[in-house]
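Observations on the model geometry
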Amino acid sequence: MTVLEFLAAWNKAELTADRETITHMLADDFTCIGPLGFTLSKQDWLTRHGPLHYEALDLTEITTRSYGEVVIAIATQTQQATFNHNPVPATNRVSIVLVHPGNEWQIANIHFSFVAGTKGAPQLPNRSN
């Protein structure tokens, strides 16, 4: 499976809250850095699917750089989602570190950043959205 195919499968698993598939796609020591600086472990990531509900989720503008068994993907993630029934920002820039420790790709790290000027994102200091 190519990296782009893997990312498409991961996006689908996230959209449908397929925890079993996501469990296999994340490295055991997976860490997420959220757009406000918080961190999530693999277990935290899986648990968030209780209060997180997607209506739509897309990963676009994907670029990749390969370093042997490591690939860094940078993409735009757009979503229609709620967390504890509250809307979440619609657009994030995301960096994904993928590793290939055996026969399959896994995600080792994800880092999200809000995109200023998009729906729900905080304003930049001294600027308006």
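Residues numbered from 1 in each chain as written. Predicted model: local features only at pLDDT ≥ 70, side-chain atom pairs only at ≥ 80, totals over all residues. Heavy atoms only, no water.

For the chain, per-residue confidence averages 90 on the pLDDT scale, and 89% of positions sit at 70 or higher. Per-element confidence in the chain ranges from a low mean pLDDT of 89 for strand β5 (residues 86–87) to a high of 97 for strand β1 (residues 26–33). (pLDDT = per-residue confidence, 0-100. Helix = DSSP H or I, 4+ residues; strand = E, 2+ residues; numbered from the N terminus.)

So, on to the pattern of salt bridges. Enumeration over the complete set of coordinates arrives at three salt bridges. Across the pair Asp28 and Lys42 runs a salt bridge whose closest N-O atoms are separated by 3.3 Å. Of this pair, Asp28 sits in strand β1 while Lys42 sits in helix α3 (residues 42–47), and the two are 14 residues apart along the sequence. Take Asp28: its relative accessible area is 69%, and that puts it in the exposed class. Two residues, Glu61 and Arg93, come together in a salt bridge whose shortest N-O distance is 3.8 Å. Here Glu61 is found in strand β3 (residues 52–67), whereas its partner Arg93 is found in strand β6 (residues 91–99), with 32 residues between them in sequence. When its relative accessible area of 36% is taken as the criterion, Arg93 is described as partly exposed. (Salt bridge = Lys/Arg side-chain N within 4 Å of Asp/Glu carboxyl O. Buried < 20%, exposed > 50% of the residue type's maximum accessible area, 1.4 Å probe, protein only.)

Another aspect to go through is unusual backbone geometry. Here Ala17, not a glycine, exhibits a phi torsion of approximately 55°, which is positive. Checked against the element boundaries, Ala17 lands in the loop between α1 (3–15) and α2 (19–25). For Ala17, a relative accessible area of 34% corresponds to the partly exposed category. With phi around 70°, His85 is a residue other than glycine that occupies positive phi space. Within the secondary structure, His85 sits in the loop between β4 (70–83) and β5.

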